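Coordinate analysis (summary)
One-letter residues, chain by chain:
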Amino acid sequence: MPTKDVLREQVAQRLYTELDALADYAANQQPIPNKMNAAGPLDSAQPVDKEAYRQHILSLANSVLMASPALFDAHVLQLSQRQGPKATIEQIAAVRKAVLLRLSVGEYVLVASVLSAAINALASATEPEQPVTSEPAESSAATSRFSHMAENYLSLLLAGDRPGAQRLVLDEAESGSDVRDLYLHVLQPAQREVGSLWHSNTISVAQEHYCTAATASLMAQLQPYFQRTPRNGRRLLAACVAGDLHTLGLQMVADFLEYEGWEVCYLGASTPLDSICRMVAEQGVELLLTAASMPHHVPLLSELVAALRRDASTRHVRVLVGGRPFGHDASLWESTGADAWASNAEEAVAVVQGLFAEQDGPVQARAAISTT
């Protein structure tokens, strides 16, 4: 009998290999809705979106491979915001039928546990929220000060007024406000809300792209307002893995660490694994920043870390990961082989300081961070 790790890899590989066949079978379990008019159904029918089932099964395979049911939970919860929990549950049931017929009993048991956890997560998400009886006891002064600005910034962007939104923040920077506060308490919450609005189908893809591009442009304009601090003699590289186009969070972390004295080599979006590894070796990098904006990017991070560890010239490099999927599973970052993870730029600075506090004790540094 294979070990659990071997079984997980075996099941994930089978799901990857049979992705199209499984998606076709799952899609065929769903009734094909007819177009309607006032007189009744028309002759033409709208085909079921088979790509949606491919994404379900791909996410399921990634979740199994990383031993993280929370990854699949995050996938279905995000999808349910756009199409509703009922439709999502029906799709997951169709996926369950498909894998039941094509996997062995042992393989199916492993997959079924992930699918059941996702159904439970969807059910919990639809339960009425408990009323909030009081405001949080503590709220940072910076958050309170800039919350109104964040609302105005987002409102201007959604109204299509990019110059007005950017001028609002630039004026604040010119008045002497710390750019790091503007990142954390204006740009970051605004972008999170943009993501939520898109996931809930409240704004279009075009509007999401418009807001994100405006914020990226603004961050470039804010660079002169960062105080120049003495260099610490260390170099980092920041890059998103192939296929990941969401770079704002990564850019924020890189900017914060540059403020702390790091020399930054920023590669940005969708960078091939071999290119990252080559640049790390050539540039004498000591720290790699990378992130996963979607669950299916997490296995690519694991491949990247494994490639660095295999090479004698790069295995010493510390790796800090971030991104939404790691917020759903507290131990997921460890599964990638990374040294630590951080949820935002401010936390990343503290984590990196811990990683490099004891040059002769990387294991102790890592242990200290993993328990915070």
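Note that the coordinates shown come from a computational prediction; the quantities given were computed from them, not determined experimentally.

This next bit is on the overall build of the chain. A tally of regular secondary structure across the chain gives 17 helices and seven strands. A burial count over the chain gives 44% of its 372 residues as buried. Restricting the contact set of the chain to residue pairs at least 6 apart, pairs at least 24 apart contribute 72%.

Quick look at the packing of aromatic side chains now. According to the stated counting rule, one finds five aromatic pairs in the structure shown. When the ring of Y183 is compared with that of F256, the centres are 6.0 Å apart and the planes differ by 35°; the resulting orientation is tilted. Of this pair, Y183 sits in helix 9 (residues 179-199) while F256 sits in helix 11 (residues 248-259); the two residues are 73 residues apart in sequence, bridging distant segments of the chain. Neither residue differs from the other here; Y183 and F256 are each classed as buried. For the ring pair W262 and F356, a centre distance of 5.2 Å and an interplane angle of 70° mean the geometry is edge-to-face. Taken as a pair, W262 in the loop between helix 11 and strand 4 (263-271) and F356 in the loop between helix 16 (345-355) and helix 17 (362-370) lie far apart in primary sequence, 94 residues in all. When its relative accessible area of 4% is taken as the criterion, W262 is described as buried.

Let's shift gears to the nonpolar core. Core analysis: the biggest nonpolar cluster contains 50 residues, and L187, L222 and L289 have the highest contact counts within it. Among the secondary structure elements, those contributing two or more residues to this core are helix 7 (141-158), helix 8 (162-174), helix 9, helix 10 (205-222), strand 3 (235-241), helix 11, strand 5 (287-291) and helix 16. The residues touching L289, leaving out its near neighbours within four places in the chain, are L236, L237, A238, A239, L250, V253, A254, L257 and L320.

This part is about the packing of helix 1 (residues 4-17) against helix 3 (residues 50-65). Where helix 1 contacts helix 3, the axes come no closer than 8 Å and their chain directions differ by 165°. When the axis of helix 1 is compared with that of helix 3, the two are roughly antiparallel. As for how helix 1 packs across helix 3, the hand of that crossing is left-handed. For the pair helix 1 and helix 3, the contacting residues are R8, E9, V11, A12, L15 and Y16 in the first and I57, L58, L60, A61, N62, V64 and L65 in the second.

The subject of this paragraph is the environment of I57. Considering the arrangement of structural elements, one finds I57 in helix 3. Among the residues examined, I57 registers a relative accessible area of 1% and is labelled buried. For I57 and A23, which are 34 residues apart along the polypeptide, the C-alpha to C-alpha distance reads 7.1 Å.

A few words on the pattern of salt bridges. Applying the stated criterion across every chain yields a total of 15 salt bridges. E18 is the partner of R102 in a salt bridge, and the nearest nitrogen-oxygen pair spans 2.7 Å. One end of the pair, R102, is in helix 5 (residues 85-102); the other, E18, is in the loop between helix 1 and helix 2 (19-28), and 84 residues separate them in sequence. The exposure class of E18 is buried, given its relative accessible area of 18%.

Helix 4 (residues 69-83) packs onto helix 3 with a crossing angle of 155° between their chain directions and a minimal axis gap of 7 Å. Taken together, helix 3 and helix 4 sit at an angle that is classed as roughly antiparallel. Remark: the crossing between helix 3 and helix 4 carries right-handed chirality. Within the contact between the two elements, helix 3 uses Q55, H56, S59, L60, N62 and S63 and helix 4 uses P69, L71, F72, H75 and L79. When grouped by side-chain class, the residues that make up the contact of helix 3 with helix 4 number five nonpolar, six polar and no charged.

This next bit is on the sheet that holds strand 3. Reading across from one edge, 4-3-5-6-7 is the order of the five strands in this open sheet, with parallel pairing throughout. Of all the strands in the sheet, the pair left with one neighbour each is strand 4 and strand 7 (340-341). Pairing between strand 3 and strand 4: six bridges, direction parallel. Note that in strand 4 the partner of V241 across the bridge is T271. Against the sheet, helix 11 contacts strand 3, strand 4 and strand 5, and its axis sits at roughly 155° relative to strand 5. On top of the sheet, helix 13 (residues 298-310) reaches strand 3, strand 5 and strand 6 (318-322); it is set at about 165° to strand 5, its chief contact.

What counts and what doesn't
- Residues numbered from 1 in each chain as written.
- Predicted model: local features only at pLDDT ≥ 70, side-chain atom pairs only at ≥ 80, totals over all residues.
- Heavy atoms only, no water.
- Helix = DSSP H or I, 4+ residues; strand = E, 2+ residues; numbered from the N terminus.
- Buried < 20%, exposed > 50% of the residue type's maximum accessible area, 1.4 Å probe, protein only.
- Contact = heavy atoms within 4.5 Å.
- Phe/Tyr/Trp six-rings, centres within 6.5 Å; stacked < 30°, edge-to-face > 60°.
- Core = buried A, V, L, I, M, F, W, Y, C linked by side-chain atoms within 4.5 Å.
- Axes fitted to C-alpha atoms, helices over the stretch in contact; angles between N-to-C directions.
- Parallel < 35°, antiparallel > 145°, perpendicular 65-115°, else oblique.
- Left-handed = near helix turned anticlockwise from the far one by under 90°.
- Salt bridge = Lys/Arg side-chain N within 4 Å of Asp/Glu carboxyl O.
- Nonpolar A, V, L, I, M, F, W, Y, C, P; charged D, E, K, R; others polar.
- Pairing = 2+ DSSP bridges.

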